[in-house]
Amino acid sequence: MKRYDPRLWIGLLMVFGGVLIFLQNLNIIADVGDIFWGAIWGLVGAFFLYMLIRDRRDNWWAAFPAFTLLGLAISSFLPNSLEPFSGLVFFAGISLSFIWVYATDTNRWWAIIPAGVTLTLGAISALDGITGADNGDYLFLGLGITFLLVAILPGGSGRSWAFFPGVALLIFGAILSAGAVGWMEYLWPAVLIFLGGYFVLKFFRKTA
């Protein structure tokens, strides 16, 4: 028997689908479609995760299908009460793939940007589902924090340019966000303390 004979896998999927339908007809489980596809995405994601762990240096690209599909699988298994968080779980999986790429080689600092963007989109999706309002203005806050992380996280040099779009996006996002006027008086000193502390720390590192 061939180890990877497609007939074997097709047969197993058919049996799995039949069991799920049978359990649904007995009112034991519900949302059979989500469970079926969630299991498939989870298995495929686990396969890519195995490839990634087996050879982290050459198979770093496997982080993208691994964590993305695992995030999709987990979101499929969420109960209806946690439905507002399904988008957050999915985008968090995508973000985690970029975080892995950066964490395993800090020279790939570019991965910080899509990691922050996708995680911000997931957080906004969860806020929209919970509050029922449009929270798109928070996108600028997430982008601002992302660029600040680009500037301060290790891996390469000469990225102080990221402070400028980071601070500008934070200010713009604070102005647009609901209720920004009430806490703008706290934002300015926080930004000044953060930037000032960074430059002081950088000065003492160079002196050492």
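Quick note: structure is the one above.
Here's a quick rundown of the structure. Worth saying up front: this structure is predicted, and the values here are computed from it rather than measured.

**Some remarks on the packing of aromatic side chains**
One pass over the full model with this rule turns up 7 aromatic pairs. Taking 6.3 Å as the distance between ring centres and 70° as the angle between the ring planes, the aromatic pair formed by Trp 60 and Phe 64 counts as edge-to-face. Through pairs of rings, three or more aromatic residues link up here, namely Phe 47, Phe 48 and Trp 61.

**Points about the packing of helix H3 (residues 63–77) against helix H4 (residues 86–104)**
When two helices pack together, their arrangement is given by the angle between the helix axes and by the axis-to-axis distance. Packing of H3 against H4 leaves a shortest axis separation of 8 Å and a crossing angle of 160°. Between H3 and H4, the interaxial angle falls into the category roughly antiparallel. In this structure, H3 meets H4 at a crossing whose hand is right-handed. Along the contact surface, H3 presents Ala 63, Phe 64, Phe 67, Thr 68, Gly 71, Leu 72, Ile 74 and Ser 75, while H4 presents Ser 86, Val 89, Phe 90, Gly 93, Ile 94, Leu 96, Ser 97, Phe 98, Trp 100 and Val 101.

**Details of the side chain of Ser 95**
Locating Ser 95 in the fold gives a position in helix H4. Assessed through its relative accessible area of 2%, Ser 95 is described here as buried. When sequence neighbours within four positions are dropped, the list of residues in contact with Ser 95 reads Ala 115, Thr 118 and Leu 119.

**Concerning the pattern of salt bridges**
Under the criterion given, the structure shown has 2 salt bridges. Among the ionic pairs, Asp 58 bridges to Arg 57, the shortest N-O distance being 3.4 Å. Arg 57 gets classed as exposed once you look at its relative accessible area, which sits at 67%. Residues Arg 108 and Asp 105 are paired through a salt bridge, measuring 3.6 Å at the closest nitrogen-oxygen approach.

Parameters and conventions
- Residues numbered from 1 in each chain as written.
- Predicted model: local features only at pLDDT ≥ 70, side-chain atom pairs only at ≥ 80, totals over all residues.
- Heavy atoms only, no water.
- Phe/Tyr/Trp six-rings, centres within 6.5 Å; stacked < 30°, edge-to-face > 60°.
- Axes fitted to C-alpha atoms, helices over the stretch in contact; angles between N-to-C directions.
- Helix = DSSP H or I, 4+ residues; strand = E, 2+ residues; numbered from the N terminus.
- Parallel < 35°, antiparallel > 145°, perpendicular 65-115°, else oblique.
- Left-handed = near helix turned anticlockwise from the far one by under 90°.
- Contact = heavy atoms within 4.5 Å.
- Buried < 20%, exposed > 50% of the residue type's maximum accessible area, 1.4 Å probe, protein only.
- Salt bridge = Lys/Arg side-chain N within 4 Å of Asp/Glu carboxyl O.

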